[in-house]
Amino acid sequence: MEKLKCVVPERLKRRVEESHIDDLPSLSSSLLQLFLSLPQFHQLISELAAEPSTQAGLCGKNEGAALDLKQKGNQCYSSGDHSQALRCYSQALRLAPIDAHHTGKNLVATLYLNRASLFHKMGLPMESLRDCSRALEISPCYPKEGLYNCSWLGLCVLRHKIYISCCMDVPPSSCHGCSVKVHIPRGKVNATLGNYEDSVHDLSVAKDMEPSIGGKKQIERELDMLARHHEKTIAKPASQKSVEIPEIKLQCVKTPDKGRGMVSQFDIPQASLIHAEEPYAVVILKHCRETHCHYCLNELPADTIPCISCSLPLYCSQHCQVQAGGPIHIPDTTVGSNFKPTLECIPEHKHECQGVHWPAILPSDVVLAGRVVVKTMEQKGQFTDVPNLSETLIVILLSQIRVNSIAVVRMRSNTNDSYDQQDWFQNFSFGEAEAASSVEQVRVGQALYKAASLFNHSCLPNIHAYFMSRTLLLRTTEFVSGGCALELSYGPQVGQWDCKDRLRFLEEEYFFRCWCCGCSEVNESDLVISGFCCVNPNCSGVVLDNLVANCEKQKPKVPETISNKSHLQVHELKDIDIKKVAQISLGQTQSSCHVDSGYCLKCGSYCNFASRSKEVKKAWTDFRRYARSTYVLPIACSLLDRLQDSIASKDTCSTNLPDALRSLGLLRSILHAYNKGIAEAEDILAKAFCFIGDFEPARDHCKASIEILVKLYGPNHIAIGYELAKLASIQLALGDCTAVYNINRLSAIFSTYYGPHAGIIFPYLLVLERERSRIIQ
Ligand SMILES: C[S@@+](CC[C@H](N)C(=O)[O-])C[C@H]1O[C@@H](n2cnc3c(N)ncnc32)[C@H](O)[C@@H]1O
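Residues numbered from 1 in each chain as written. Predicted model: local features only at pLDDT ≥ 70, side-chain atom pairs only at ≥ 80, totals over all residues.

1. A few points about the overall build of the protein
Right, so step 1: Helices and strands together make up the secondary structure of the protein, namely 33 helices and 16 strands.
Right, so step 2: Split into buried and exposed, the 777 residues of the protein put 40% on the buried side.
Right, so step 3: Sequence separation of at least 24 residues holds for 64% of the intrachain contacts in the protein that already meet a minimum separation of 6. (Helix = DSSP H or I, 4+ residues; strand = E, 2+ residues; numbered from the N terminus. Buried ≥ 20, exposed ≤ 12 C-beta atoms within 10 Å, placed from the backbone. Contact = placed C-beta atoms within 7 Å.)

In structure tokens:
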């Protein structure tokens with residue numbers, strides 16, 4: 001793709017850049033004419049459309065390569081290189097044709113069994129069990145021939161623990177001469193997972209196979225218990241267990257400056273779920289193709305499942321595989337009979353499978369547009385020839401996808417990974433937890449939600465969007481009066497970036513000039529977030545740089561409605577001009593204040609901005625040498641990653657700390673007290689002190705950082721919730737009971753933003769809440 005972009009002449013690139021919506025038809029025709037004349041374009045198309053069996057097809061199955069990988073996996077297994085063996089088996093599973101046989105056995109089933117054996121060795125019983133089930137479903141004859149005489153797979157049940165002792169292709173290691181009852185443990189695991197029908201099936205098979213009358217009775221009792229439990233839970237279908245159905249009445253209205261938008265018809269309390277929606281179409285982002293399920297976008301488990309017909313997508317479960325690829329048909333087996341796909345949505349991958357690997361190559365927007373076209377045509381029952389769609393229509397569709405689609409995100413923290421392990425909490429040390437509780441948002445997919453695309457953006461949003469698998473949920477973060485606009489943030493928010501950076505981001509990513517109240521009315525956060533302090537040591541005023549001052553001056557000025565207020569919250573800063581904000585929030589009393597670069601907004605003193613900027617630059621260079629931080633810290637850059645280099649060893653960390661503290665002191669003497677850079681620096685120092693086990697200064701730096709962030713975001717923003725989680729962890733490490741107060745605060749914030757899903761989105765919250773209960777008792 002990049003190669004093609006390079007050959008577009010500069011003249012045409014400029015035309016594209018300067019184009020207007022009316023130029024779309026002529027521009028897209030010019031681009032098409034150019035590409036049609038290029039041999040590179042034809043080559044790319046033929047590669048994309050190549051037969052799956054050919055090398056160029058790349059996405060086809062390849063039995064030879066699968067066999068090689070299986071062999072390699074077996075060698076790694078035998079030599080104890082488990083992670084490499086896992087990679088080989090999983091890759092082999094992607095390439096193995098479902099009907100391939102090797103030494104008289106189904107190759108895919110063999111691979112699943114080999115991997116099951118490996119998982120057992122690696123101490124992953126659930127993964128092992130799931131792979132066993134997959135093998136059994138592909139080759140249902142195995143239990144009779146293999147399991148019962150233990151020549152092939154042994155599965156022992158020892159006090160409810162499951163051990164797979166040997167496996168067909170892998171040298172047997174520790175077969176326990178087992179009493180092989182594969183279906184009983186699998187039935188129990190299925191019951192635990194809520195798979196009622198699978199569980200009944202397993203236990204019924206086990207009962208038929210059980211030779212003793214006593215044994216049969218025992219299994220019958222298990223079946224009865226299961227049925228009673230199921231009756232109790234049946235009233236609540238699985239899909240509704242976690243997601244409440246909102247009953248709030250919303251209305252789509254025309255707004256003066258943002259097109260259509262959503263409003264509430266009635267008052268809505270804070271933390272109400274106002275909308276839940278499945279995507280119309282979704283696509284996984286390129287960088288997540290090997291790490292996240294291509295259907296539900298959740299992180300992949302170790303026992304990934306490939307597509308049955310091609311080697312491209314990976315799924316976390318057979319449910320997702322079927323939902324994405326359509327019902328499975330495997331010759332000569334009954335596989336798939338246990339799966340009843342609820343295909344409320346069109347299987348997205350089915351239409352791309354078998355030969356074209358363009359979802360892996362083309363930009364995500366284009367793949368999403370393709371999926372929208374296919375779904376729309378399928379729903380209408382018309383199969384128009386896609387190549388016959390006019391270029392203009394496709395270009396318009398692409399631009400609409402760009403503007404209307406939503407990034408699907410996941411929160412990523414180290415603690416998420418470890419929370420599943422049963423003994424984790426017991427072994428938990430809160431000092432270490434602080435380091436682990438840094439959380440970042442990761443974009444995993446791009447999706448189109450039809451109804452949700454009517455919600456406008458605000459940098460001071462009153463609703464919060466989050467995802468449970470593919471479901472989009474919207475929740476109010478404050479009380480919203482009837483008739484008020486309901487607006488979410490498309491990305492940037494007040495407190496995160498200053499106004500000019502937010503405006504630039506929204507123009508670059510979504511092509512509109514933001515007219516939200518955060519960008520059209522002056523607010524305190526935007527004034528101080530990157531501001532300098534006044535040269536007058538007794539003045540708490542702020543000095544703006546040129547770009548910020550110009551951006552603030554362009555905000556529409558409106559009547560002085562709240563000029564008599566002595567203290568301002570960011571969300572109260574409506575209908576007020578910049579001088580008033582300066583006067584009120586910074587306590588300015590003089591009537592003459594310059595809203596120009598270099599002048600203090602409070603007392604009007606002039607400072608030589610250029611020379612102070614130089615001093616700041618130098619101080620940051622020094623601090624960066626320690627913490628590899630940057631002055632404007634982009635959110636995409638993870639704090640942990642940046643620290644990794646500098647905090648490589650405890651010794652280096654403590655030796656450099658005094659220098660870092662000196663640089664921070666210098667920065668504090670030049671930058672405004674609420675400059676976000678200082679908050680970031682304080683946070684880095686808190687982490688460094690945690691790392692060397694010095695929790696008291698760690699707590700102080702963490703508090704200093706939070707104090708600034710509260711000023712920038714407001715006290716109840718989710719960003720503060722995550723910071724409070726760090727502070728509470730450090731306080732717990734110190735045995736400081738004020739942790740309870742902070743855990744209460746952060747619990748309240750998380751339940752406002754995520755309702756009952758808070759613990760799923762941020763599992764570390766549950767750890768903190770358990771610790772709080774322990775302290776209170
Ligand atoms: C996902 S759509 C939202 C619904 C849209 N207003 C409509 O009429 O269909 C995004 C578009 O809405 C408009 N929009 C959303 N938020 C805005 C804001 N804060 N300021 C200006 N325009 C906005 C922009 O035109 C943007 O491209």
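2. Description of the nonpolar core
Right, so step 1: Formed by 100 residues in total, the largest nonpolar core has its most connected members in Cys-293, Tyr-315, Leu-685, Ala-728 and Phe-750.
Right, so step 2: Apart from residues lying up to four places away in sequence, Cys-293 is in contact with Asn-298, Leu-300, Leu-314, Tyr-315, Cys-316 and Cys-320.
Right, so step 3: With 25 residues, the next largest nonpolar core counts Ala-66, Ala-109, Leu-118 and Ala-135 among its residues. (Core = buried A, V, L, I, M, F, W, Y, C linked by C-beta atoms within 7 Å.)

3. A few points about the UniProt feature "repeat: TPR" (unreviewed entry) in the protein
Right, so step 1: As recorded in UniProt, the feature "repeat: TPR" (unreviewed entry) lies at residues 66-99.
Right, so step 2: Secondary structure within residues 66-99 divides into 82% helix and 0% strand; the distance between the first and last C-alpha atoms comes to 13 Å. (UniProt positions renumbered as here; feature names shortened; annotations may be inferred.)

4. What about the packing of helix H28 (residues 676-691) against helix H29 (residues 695-713)?
Right, so step 1: For the pair H28 and H29, interaxial distance at closest approach is 8 Å and the crossing angle is 155°. Comparing their axes, H29 and H28 come out roughly antiparallel. Here the hand of the crossing between H28 and H29 comes out left-handed. On H29, the residues that touch Lys-676, Ile-678, Ala-679, Glu-682, Asp-683, Leu-685, Ala-686, Phe-689 and Cys-690 of H28 are Phe-695, Pro-697, Ala-698, His-701, Cys-702, Ala-704, Ser-705, Ile-708, Leu-709 and Leu-712.
Right, so step 2: Classifying every residue of the contact of H28 with H29 by side-chain character gives 14 nonpolar, 2 polar and 3 charged. (Axes fitted to C-alpha atoms, helices over the stretch in contact; angles between N-to-C directions. Parallel < 35°, antiparallel > 145°, perpendicular 65-115°, else oblique. Left-handed = near helix turned anticlockwise from the far one by under 90°. Nonpolar A, V, L, I, M, F, W, Y, C, P; charged D, E, K, R; others polar.)

5. Some points on helix H14 (residues 318-325)
An α-helix turns once per 3.6 residues; consequently, residues spaced three or four apart project the same way.
Right, so step 1: Of all 8 residues in H14, 7 are buried, a share of seventy percent or more.
Right, so step 2: Check the buried side of H14 and you find it contacts strand E9 (305-306) and strand E10 (314-315).
Right, so step 3: Looking one or two residues beyond H14, the residue adopting positive phi is Gly-326, at roughly 90°.

6. Some points on the sheet that holds strand E13 (residues 463-468)
Right, so step 1: Taken in spatial order, the 3 strands line up as E7-E14-E13 in an open sheet, and their pairing is antiparallel. The two strands at the open ends of the sheet, each matched to only one other strand, are strand E7 (273-277) and E13. Averaged over neighbouring strand pairs, the angle between their axes works out to 20° when direction is ignored. (Pairing = 2+ DSSP bridges.)

7. Observations regarding helix H16 (residues 364-380)
Right, so step 1: Helix length check: H16, at 17 residues, gives a terminal C-alpha distance of 24 Å against a target of 24 Å (1.5 Å per residue), a fit within 8%.
Right, so step 2: Burial in H16 covers these residues: Val-367, Leu-368, Ala-369, Gly-370 and Arg-371. (Expected span 1.5 Å × (residues − 1).)

8. Quick notes on the site of the ligand
Right, so step 1: Taken together, 17 residues form the shell around the ligand, and within it Lys-258, Gly-259, Arg-260, Asn-456 and His-457 come nearest.
Right, so step 2: Elements with a contribution of two residues or more to the shell around the ligand: strand E6 (260-264) and helix H17 (391-404).
Right, so step 3: Here the residues of the shell around the ligand sort into 7 nonpolar, 7 polar and 3 charged. (Near = placed C-beta within 6 Å.)

9. As for unusual backbone geometry
Right, so step 1: Positive phi outside glycine occurs at Thr-103, with the angle close to 45°.
Right, so step 2: The class of Thr-103 is exposed, set by 8 C-beta atoms lying within 10 Å.
Right, so step 3: Positioned with a positive phi, Ala-271 is a non-glycine residue whose angle comes to about 70°.
Right, so step 4: The residue Ala-271 is located in the loop between E6 and E7 in this model.

10. Notes on the environment of Ser-520
Right, so step 1: Secondary-structure assignment places Ser-520 in helix H21 (residues 517-520).
Right, so step 2: For the pair Ser-520 and Lys-555, spaced 35 residues apart in the sequence, the C-alpha separation amounts to 4.9 Å.

11. Regarding the packing of helix H5 (residues 63-79) against helix H7 (residues 107-121)
When two helices pack together, their arrangement is given by the angle between the helix axes and the distance between those axes.
Right, so step 1: Orientation of H5 relative to H7, taken along the N-to-C sense of each, is 20°, at an axis distance of 11 Å. Here H5 lies roughly parallel to H7, going by the angle between them. The hand of the H5/H7 crossing is left-handed. Touching Ala-66, Lys-70, Gly-73, Asn-74 and Tyr-77 of H5 are Leu-107, Leu-111, Asn-114 and Leu-118, all from H7.

12. Considering the environment of Ala-681
Right, so step 1: One can find Ala-681 in helix H28.
Right, so step 2: Taking the C-alpha atoms as reference, Ala-681 lies 48 Å from Val-322; in sequence the two are 359 residues apart.

13. A word on the pairing of E6
A regular strand carries its side chains on alternate faces of the sheet.
Right, so step 1: As judged from the 5 bridges shared by strand E5 (residues 250-254) and E6, these two strands associate in the antiparallel manner. Residue Cys-252 lies in a different strand from E6, and its bridge partner there is Met-262.
Right, so step 2: The hairpin turn running from E5 into E6, its antiparallel successor, is 5 residues long, and Gly-259 in that turn takes a positive phi close to 70°.

14. Observations concerning the confidence of the model for the protein
Detailed conclusions should not be drawn from predicted coordinates in areas where pLDDT is low.
Right, so step 1: Per-residue pLDDT for the protein has a mean of 77; in total, 71% of the residues score no lower than 70.
Right, so step 2: Ranking the elements of the protein by mean pLDDT puts strand E3 (residues 155-158) last with 37 and helix H31 (residues 739-754) first with 97.
Right, so step 3: Low confidence marks residues 170-181, where pLDDT is under 50. Its contacts with residues over four positions away, or in another chain, come to 29 contacts.
Right, so step 4: Segment residues 629-648: pLDDT under 50, and 27 contacts once partners within four positions in sequence are set aside and those in other chains are kept. (pLDDT = per-residue confidence, 0-100.)

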